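Each chain is listed here by its residues.
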Amino acid sequence: MFMTRRNFNFGALALAISGCAASPSLSPSTTALPDDLRPIPNSAYDVWVANFQQRARTAGISDDTLRRAFQGTGYLPGVVRRDRNQTEFKRSLEDYLSIAVSDERVAQGRDARRQYASVLETLEARYGVDANIITAIWGLESFYGARRGNVPVVSATSTLAFDGRRGAFFEKQLIEALRIVQSGDITADRLVGSWAGAMGHTQFIPTSYQAFAVDFTGDGRRDIWSDDPSDALASAAAYLERNGWVRGQRWGNEVTGASSGTIIQPQENGPRFAVNQNFRVIKRYNNSDAYAIGVGHLSDRIAGRGPLVTPFPPDENGLTKDDRIALQTRLTARGFDTQGSDGVIGPNSQAAIRAYQASQGLPVTGVPSQQLLSGL
């Protein structure tokens, strides 16, 4: 089953890595979940589940597994809402890298690389995948294990299968999630993940888990949910190796002059990158050029290499990243908190801009501009 690990678009990834769709706790309790990710009554969903369970029995899922796995689960309206909205979400490569390769993510990545050096170097020797690449994937997928998600996977995948937009895909994920419980790799109450069913430190969907997950610790279980990330890191390395990773080759690099080979420039007038087979293998993990560049560049920063050399052009509002950081800093200093100054104008910054504009009697647009920056 050599397939893209998950069929989520760039927008879904950008939301996930900025921490909007995950919780820092892996507790099976749903008390920390927002209201729309808690089960609500839905009679049509209940009928669908009853019919699905017959199909699951035909596929070899036992009555005991079905009873344990569906206990306390149900229809999650927020899962459908997030699935519908993700296709509308877009970021520039500059904004994406500001989140994916933030100073915090680099610093924590270096700490994680040191803390798990023995495991990561063993994996590099076994699978041929650069230890810094494995660490970078861990960093982008779950912020080094801090944001593994606590949405019950059976509820999430059954809701999406019932919803029908990608019904066949998510029914397959649901069947494989039930097989995971049936095999004893994880108990039903600990089978948690993101709103779309991606699980553990390295955010495997159930089909990818079944195909690639590894019991690195030798305890008889492929436990990618554990506080110990060893099985999850080994699983990511195995995934890349089996999808064609070339031992000893980098993912690619930024180019500033003439260069041969495959060159991509995801953002007009921005940095250019020479990419290779390993870049394409990273895209098997998530089929996005931005994601693969994010993994590669984060791995380089973790290894001690410097930031990109080529500057990004001003955005559609004529602002550079430094301008946007200055805008956020000045708004926050005036009492209009942007919840951080990373140069990414997201919902918090837009709300702060609107509040400031309203306080000044200006047209309330939420749009940053040079005029707004000057006024501050």
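Residues numbered from 1 in each chain as written. Predicted model: local features only at pLDDT ≥ 70, side-chain atom pairs only at ≥ 80, totals over all residues. Heavy atoms only, no water.

Looking at an unreviewed UniProt entry, the protein carries the name Lytic murein transglycosylase, with the source organism given as Roseobacter litoralis.

S.K.: It is not clear to me how the overall build of the protein should be interpreted in this structure. Could you clarify?
M.R.: Secondary structure summary: the protein contains 17 helices and five strands in total. Relative to the 2.2 N^0.38 estimate, which gives 21 Å for 376 residues, the radius of gyration of the protein is 22 Å and therefore close to what a compact globule would have. When its C-alpha atoms are laid out on the principal axes, the protein stretches across 65 × 55 × 35 Å. Across the 376 residues in the protein, those meeting the buried criterion constitute 53%. Once local pairs closer than 6 in sequence are excluded, the contacts in the protein between residues at least 24 apart make up 71%. (Helix = DSSP H or I, 4+ residues; strand = E, 2+ residues; numbered from the N terminus. Rg over C-alpha atoms; globule rule 2.2 N^0.38 Å. Buried < 20%, exposed > 50% of the residue type's maximum accessible area, 1.4 Å probe, protein only. Contact = heavy atoms within 4.5 Å.)

S.K.: What is the right way to look at the UniProt feature "domain: Peptidoglycan binding-like" (unreviewed entry) in the protein in this model?
M.R.: As recorded in UniProt, the sites labelled "domain: Peptidoglycan binding-like" (unreviewed entry) are residues 321-373. Annotation note: span residues 321-373, helix share 57%, strand share 0%, distance between end C-alpha atoms 13 Å. (UniProt positions renumbered as here; feature names shortened; annotations may be inferred.)

S.K.: So what exactly am I meant to see when it comes to the nonpolar core here?
M.R.: One recurring pattern in soluble globular proteins is that nonpolar side chains are buried together. Counting 89 residues, the largest nonpolar core has Phe70, Ile133, Leu178, Leu191 and Leu240 as its most contacted members. Here this core spans two domains, since at least three of its residues come from each of domain 1 (39-75 + 152-199) and domain 2 (88-148 + 206-312). When sequence neighbours within four positions are dropped, the list of residues in contact with Leu178 reads Phe52, Ala56, Ile61, Thr65, Leu66, Ala69, Phe70 and Val154. Judged by nonpolar contacts, the second largest core, of ten residues, contains Leu327, Leu331, Ala352 and Leu376. (Core = buried A, V, L, I, M, F, W, Y, C linked by side-chain atoms within 4.5 Å. Domains from an automatic or database assignment.)

S.K.: So what exactly am I meant to see when it comes to the sheet that holds strand β3 (residues 252-255) here?
M.R.: Adjacent strands of a sheet form backbone hydrogen bonds with each other and so pair up, either parallel or antiparallel. Across the sheet, three strands lie side by side as β3-β5-β4; this open sheet has antiparallel pairing. In this open sheet, the two edge strands, each paired with only one partner strand, are β3 and β4 (262-264). Direction aside, the axes of adjacent strands within the sheet are offset by 30 degrees on average. (Pairing = 2+ DSSP bridges. Axes fitted to C-alpha atoms, helices over the stretch in contact; angles between N-to-C directions.)

S.K.: What is the right way to look at the packing of aromatic side chains in this model?
M.R.: Working definition: an aromatic ring pair is given by the centre-to-centre distance plus the angle between the planes. Per the counting criterion, the structure on display carries 18 aromatic pairs. Ring geometry for Tyr209 versus Trp225: centroids 5.4 Å apart, planes at 45 degrees, classification tilted. In this pair, Tyr209 is assigned in helix α11 (residues 206-212) and Trp225 in the loop between α11 and α12 (230-242), connecting sequence segments 16 residues apart. As far as burial versus exposure is concerned, Tyr209 and Trp225 are alike and both buried. What links up through ring pairs into an aromatic cluster is the set Phe204, Phe212, Tyr239, Tyr285 and Tyr291. (Phe/Tyr/Trp six-rings, centres within 6.5 Å; stacked < 30°, edge-to-face > 60°.)

S.K.: Could you clarify how one ought to interpret the packing of helix α2 (residues 43-58) against helix α9 (residues 153-163) in this entry?
M.R.: Geometrically, a packed helix pair is captured by the angle between its two axes and the distance between the axes. It is at 10 Å that the axes of α2 and α9 come closest, and there the two elements cross at 100 degrees. With respect to their mutual orientation, α2 and α9 come out roughly perpendicular. Residue-level inspection shows Ala44, Tyr45 and Trp48 of α2 in contact with α9, the latter providing Ser158, Thr159, Ala161 and Phe162. (Parallel < 35°, antiparallel > 145°, perpendicular 65-115°, else oblique.)

S.K.: Sorry, what's going on with the pattern of salt bridges here?
M.R.: Think of it this way: side chains of opposite charge can pair up when their charged atoms draw near. Counted according to the given criterion, the structure contains 24 salt bridges. A salt bridge links Asp111 to Arg114; its shortest N-O distance comes to 2.4 Å. One end of the pair is Asp111 and the other is Arg114, both in helix α6 (residues 103-115) and three residues apart, which spans about a single turn. A single network of salt bridges, built from pairs that share partners, joins Glu94, Asp95, Asp315 and Arg324. (Salt bridge = Lys/Arg side-chain N within 4 Å of Asp/Glu carboxyl O.)

S.K.: Is there a simple way to explain the packing of α9 against helix α10 (residues 167-183) in this structure?
M.R.: In the contact formed by α9 and α10, the axes pass within 7 Å of each other and the chain directions differ by 155 degrees. Regarding the angle of α9 to α10, the classification is roughly antiparallel. Handedness of the α9/α10 crossing: left-handed. Facing α9, whose interface residues are Val153, Val154, Thr157, Ser158, Leu160 and Ala161, α10 presents Gly167, Phe170, Glu171, Gln173, Leu174, Ala177 and Leu178. (Left-handed = near helix turned anticlockwise from the far one by under 90°.)

S.K.: Help me understand the environment of Ala238, please; the structure alone is not making it clear to me.
M.R.: With respect to the helices and strands, the residue Ala238 is situated in helix α12. When the C-alpha positions of Ala238 and Ala213 are compared, they lie 7.6 Å apart, and in sequence the two are 25 residues distant. The contacts of Ala238, once residues within four sequence positions are left out, are Tyr127, Phe212 and Val214.

S.K.: Help me out: how do you make sense of α2 in this one?
M.R.: For the α-helix, the turn length of 3.6 residues means that residues three or four positions removed from each other point alike. Helix length check: α2, at 16 residues, gives a terminal C-alpha distance of 24 Å against a target of 22 Å (1.5 Å per residue), a fit within 8%. If you check which residues of α2 are buried, you get Tyr45, Trp48, Val49, Phe52, Gln53 and Ala56. An end-on view of α2 places all buried positions within 145 degrees of arc, on one side of the element. Among the exposed residues of α2, those oriented more than 90 degrees off its buried face are Ser43, Val47 and Thr58. Packing partners of the buried residues in α2 comprise α3 (63-70), α9 and α10. (Expected span 1.5 Å × (residues − 1). Arc of directions from axis to C-beta.)

S.K.: Got a minute to help me understand unusual backbone geometry in this structure?
M.R.: Residues apart from glycine generally show negative phi values, whereas peptide bonds are mostly found in trans. Although it is not a glycine, Tyr144 adopts a positive phi angle of roughly 60 degrees. Turning to its location among the elements, Tyr144 is positioned in the loop between α8 (131-142) and β1 (151-152). Residue Tyr144 is classed as buried on the basis of its relative accessible area of 11%.

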